[in-house]
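Residue strings, one per chain:
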Protein chains: 2
Amino acid sequence: MDGKVVIQREIPTQVRMGVEHVIDRIKKVVHEMTQEVEKDFTIKAMGIGMPGQIDVKQGIFIEGPNMPGWHCVPLVEKLEGQTEFRVIMDNDANVAALGEAVFGAGQGATELLMVTLGTGVGGGLILHGKVYRGATDVGGEFGHTIIQYDGPVCACGRKGCIEAFIGTRGILNRLQEKLASGKDSPLQKMEFNRITPRDISRAAGEGDQIALEVLRDTGYYLGVAMASVVNLLNLEKIVVGGGVARAGDLILKPARESLDQHVLEVSGKAVQVVGAKLGGNAGFIGAARLAMLMNDNKD
Amino acid sequence: MDGKVVIQREIPTQVRMGVEHVIDRIKKVVHEMTQEVEKDFTIKAMGIGMPGQIDVKQGIFIEGPNMPGWHCVPLVEKLEGQTEFRVIMDNDANVAALGEAVFGAGQGATELLMVTLGTGVGGGLILHGKVYRGATDVGGEFGHTIIQYDGPVCACGRKGCIEAFIGTRGILNRLQEKLASGKDSPLQKMEFNRITPRDISRAAGEGDQIALEVLRDTGYYLGVAMASVVNLLNLEKIVVGGGVARAGDLILKPARESLDQHVLEVSGKAVQVVGAKLGGNAGFIGAARLAMLMNDNKD
């Protein structure tokens, strides 16, 4: 009820072993965990965050790039049949947003966007304090906010999405251009294909000018996309998480400056940009919250 | 209750005569209209749409570019003191969106954006069937969705907003560039400063290539901004109204094509772009609806 984690287990998905195998593993670990806590707690509902497109009402996992073989799997039904409690499933970005909104960096805000910076750029929207999913449960795709209609090509195949600028590939492309100038940098000594955003953050932390510029530009582009969204949604908070966001203020400070520069004044005054607090736990804490909410308004 | 207009009056605002003068005129016309219909109807609530920033909860008109002298006017209180019914006020774009959503081109959709193409580019959002206003009631500013972060300067002072491309000034700027090519067009014979979007629509309707290109580009840019919003909000309908939208499919067809080209497939499938149906009546019909809703859940 208060976002405190009572018990936690981590197991590999083993997605290549097939859908039923994965579901059996989920059932098994849920059963074990339930037994471990049943002395002190009664489990009333279970929340799940999954990486892909979900039909929340029907409890179906439709598809997702990291879940090969999973097409229209009625996961909620399959799990509810085995357990004594109700199950709800949502997209991983949505539950992470809910987790941060209720128990993390977004506390106090009812209108919130969570942005996840990683290989891709993820998004989850909380409006009026609830997960906003849109007409067919596929909303929240902040990563495909277009900031330059004739810009670089994105992984989605379209042009100028914010992900094309600040997804890992976009960041590395800009780094490569800057390194080509020949300017001195510890990153010049690394094999380019092995450089990760973490290496850039580290070099920036040590004062490397090229790395600092790359992160500053990353924040700048992020701020542009945030401004579009804030103009439309008049948000209270934007929570930024994900691996790349570990660079912290090296990205968030220029992002805030760029947001201020690109947003309408009245909306700009109302919004705060903050780093995520719950890290990798945001997802399951938010999923648990979703389960609580479902249990409160039994429909 | 069914969106039918029973009685309608139009009076000039006379905003330069001062706040109290305008309020007195509103009171007078409301009194006259109430008397005319009181035989057949009991007025229970009044809805107002105003061009500017509104604090809906407190009933205060904060400010607006077309309302000089109006700063933090408690209009709802001033009108409620004089009448026997409750009053609610919202932004004109919001009430127009609600009108179209409930009784116009948006019927059946609960997730909807209304775009108004005129001197500026207005926006009103309906989410879960209700007006979405955001944290401080200033949301819905679709006109300042950025489609090119280093693009042309907008009236808001920032760069690359959709309004800078397809507000009247943006449209005329592109026309001017094309006319400079010297290519034959009936618009070449007109004094440039007198050309309006309506002249462009007329020329396009007559097959003028330059005018057709200008409208096609207008639709193209509009589709880019729509794609960003649809990716984020997974909308069911976008209703396009306003004077410039009278060009109809000359703008809407390229807008739909551009939207399809720039939007993620799953969200693109779920959304329809349609022309507005209620014209200038959308605002007061939506304001009346807002009043009905307020009266239903007396808070």
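The structure displayed is predicted, hence computed values, not measured ones. (Residues numbered from 1 in each chain as written. Chains lettered and ligands numbered in written order. Predicted model: local features only at pLDDT ≥ 70, side-chain atom pairs only at ≥ 80, totals over all residues. Heavy atoms only, no water.)

A. Structural view of the overall build of chain A. A tally of helices and strands in chain A yields 10 helices and 9 strands. Taken over C-alpha atoms, the radius of gyration comes to 20 Å for chain A, in line with the 19 Å a tight globule of 299 residues would show. Dimensions of chain A, computed from C-alpha atoms along their principal axes, come out at roughly 60 × 45 × 35 Å. Considering chain A as a whole, with its 299 residues, one finds that 52% of them fall into the buried category. A separation of at least 24 residues holds for 64% of the contacts in chain A among residues at least 6 apart in sequence. Approximately 14,200 Å² of chain A is accessible, and the part contributed by carbon and sulfur atoms is 48%. Of note, chain A has its 32 positive side-chain charges centred 2 Å away from the centre of its 36 negative side-chain charges. (Helix = DSSP H or I, 4+ residues; strand = E, 2+ residues; numbered from the N terminus. Rg over C-alpha atoms; globule rule 2.2 N^0.38 Å. Buried < 20%, exposed > 50% of the residue type's maximum accessible area, 1.4 Å probe, protein only. Contact = heavy atoms within 4.5 Å. Areas by Shrake-Rupley, 256 points an atom, 1.4 Å probe, with all protein chains shown as cover. Lys, Arg positive; Asp, Glu negative; His and termini not counted. Charge placed at Lys NZ, Arg CZ, Asp CG, Glu CD.)

B. Representation of the relation of the copies chain B and chain A within the structure. For these two chains of identical sequence, chain B goes onto chain A by a turn of 180° and a shift of 0.0 Å along the axis, with RMSD 0.0 Å. A rotation of that kind, with that shift, is consistent with a two-fold axis. Taking the C-alpha atom as reference, chain B places B:Gln148 closest to the rotation axis, 2.0 Å from it. (Least-squares fit on C-alpha atoms with pLDDT ≥ 70 in both.)

C. Just the packing of helix H7 (residues 209-233) of chain B against helix H8 (residues 249-262) of chain B, in detail. All names here are of chain B. Orientation of H7 relative to H8, taken along the N-to-C sense of each, is 40°, at an axis distance of 6 Å. As the angle between them shows, H7 and H8 are arranged oblique. Where H7 crosses over H8, the handedness of that crossing is right-handed. Residues that form the contact of H7 with H8 fall into these classes: 13 nonpolar, 7 polar and 1 charged. (Axes fitted to C-alpha atoms, helices over the stretch in contact; angles between N-to-C directions. Parallel < 35°, antiparallel > 145°, perpendicular 65-115°, else oblique. Left-handed = near helix turned anticlockwise from the far one by under 90°. Nonpolar A, V, L, I, M, F, W, Y, C, P; charged D, E, K, R; others polar.)

D. How the structure looks around the interface of chain B and chain A. On the chain A side, the residues contacting the 46 residues of chain B number 46 residues. For the pairing of chain B and chain A, the buried interface totals around 3,700 Å² over both sides, and the portion due to carbon and sulfur atoms is 61%. Linking chain B with chain A are 0 salt bridges. Summed over the shared surface of chain B and chain A, the number is 26 residue pairs in polar contact (both at pLDDT 80 or more). Those elements giving two or more residues to the side of chain B that touches chain A turn out to be strand E6 (121-127), H7, H8 and helix H9 (265-270) of chain B. Counting residues per element, the side of chain B that touches chain A draws most heavily on H7(B), which supplies 9 residues. (Buried area = accessible area lost by both parts, 1.4 Å probe. Salt bridge = Lys/Arg side-chain N within 4 Å of Asp/Glu carboxyl O. Polar contact = N/O pair within 3.5 Å; in protein donor to acceptor, adjacent residues only side chain to side chain.)

E. Up close: the sheet that holds E6(B). Residue and element names in this part refer to chain B. Read from one edge of the open sheet, 5 strands run E7-E6-E5-E8-E9, paired in mixed fashion. With one partner strand each, in any of the chains shown, strand E7 (130-132) and strand E9 (272-275) form the two edges of the open sheet. Put simply, the sheet's adjacent strands are angled 25° from each other on average, direction ignored. Taken together, the 3 bridges between E6 and E7 define a ladder with antiparallel strand orientation. Residue Ile 126 lies in a different strand from E7, and its bridge partner there is Val 131. With respect to the sheet, H8 is in contact with strand E5 (112-117), strand E8 (237-241) and E9, its orientation differing from that of E9 by roughly 165°. (Pairing = 2+ DSSP bridges.)

F. Summary view of the pairing of strand E6 (residues 121-127) of chain A. Residue and element names in this part refer to chain A. Of all the 7 residues making up E6, 6 are buried; the element is thus mostly covered by neighbouring parts of the structure. Pairing geometry for strand E5 (residues 112-117) and E6, over 6 bridges, is antiparallel. Note on E6: the bridge partner recorded for Leu 117 is Val 121. If you look at the hairpin formed by E5 and E6, you'll find 3 residues sitting between the two strands. As judged from the 2 bridges shared by E6 and strand E7 (residues 130-131), these two strands associate in the antiparallel manner.

G. Spatial organisation of the sheet that holds E7(A). All names here are of chain A. Pairing in this open sheet of 5 strands is mixed, and the strands run E7-E6-E5-E8-E9 from one edge to the other. Looking at which strands have only one partner, the edges of the open sheet turn out to be E7 and strand E9 (272-275). On the sheet, helix H7 (residues 209-233) packs against E5, E6, strand E8 (237-241) and E9 and is oriented at approximately 145° with respect to E8.

H. Just unusual backbone geometry, in detail. All names here are of chain B. Even without glycine at this site, Cys 72 takes up a positive phi of about 55°. Positionally, Cys 72 belongs in the loop between strand E3 (60-63) and helix H2 (75-80). In this structure, His 128 is a non-glycine residue whose phi angle is positive, near 50°. As for its position among the elements, His 128 is in the loop between E6 and E7.

I. The pattern of salt bridges, seen in detail. Residue and element names in this part refer to chain A. Under the criterion given, the structure shown has 22 salt bridges over all chains. Note that Glu 32 is salt-bridged to Lys 28, the shortest N-O span being 3.6 Å. With a gap of 4 residues between them, Glu 32 and Lys 28 both fall in helix H1 (residues 19-37), about one helical turn apart. One salt bridge connects Lys 178 with Asp 217, and the closest N-O pair in it is separated by 3.3 Å. Separated by 39 residues along the polypeptide, Lys 178 in helix H5 (residues 168-179) and Asp 217 in helix H7 bring together distant segments of the chain. On the basis of relative accessibility, which here comes to 21%, the residue Lys 178 falls in the partly exposed class. With relative accessibility at 22%, the residue Asp 217 sits in the partly exposed group. Salt bridges here are not isolated pairs; linked through shared partners, they connect Lys 178, Lys 183, Glu 213 and Asp 217.

J. Structural view of the packing of helix H3 (residues 92-103) of chain B against helix H10 (residues 282-296) of chain B. All names here are of chain B. Contact geometry of H3 with H10 gives a least axis separation of 7 Å together with a crossing angle of 85°. Considering the angle they form, H3 stands roughly perpendicular to H10. Facing H3, whose interface residues are Val 95, Ala 96, Leu 98, Gly 99, Glu 100, Val 102 and Phe 103, H10 presents Ala 282, Gly 283, Ile 285, Gly 286, Ala 287, Arg 289, Leu 290 and Leu 293. Looking at side-chain class alone, the contact of H3 with H10 contains 10 nonpolar, 3 polar and 2 charged residues.

K. The arrangement of the nonpolar core in detail. One finds A:Phe142 and B:Phe142 to be the most contacted residues of the largest nonpolar core, which totals 100 residues. Ignoring any residue separated from it by four or fewer positions in sequence, one finds A:Phe142 in contact with A:Leu113, A:Val115, A:Val121, A:Gly122, A:Gly123, A:Ile162, A:Leu222, A:Ala225, A:Met226, A:Val229 and B:Leu232. Ranked by size, the runner-up nonpolar core spans 39 residues in total, among them B:Val95, B:Leu98, B:Ala101 and B:Val274. (Core = buried A, V, L, I, M, F, W, Y, C linked by side-chain atoms within 4.5 Å.)

L. Layout of H10(B). Residues and elements named next belong to chain B. When the terminal C-alpha atoms of H10 are compared, their 21 Å separation across 15 residues agrees well with the 21 Å that a helix rising 1.5 Å per residue should span. All buried positions along H10 are accounted for by Ala 282, Ile 285, Gly 286, Ala 287, Leu 290, Ala 291, Met 292, Met 294 and Asn 295. Each element contacted by the buried residues of H10 is listed here: strand E1 (45-50), strand E4 (86-91), H3 and E7. (Expected span 1.5 Å × (residues − 1).)

Everything listed is a geometric property; what it means functionally is a separate question.
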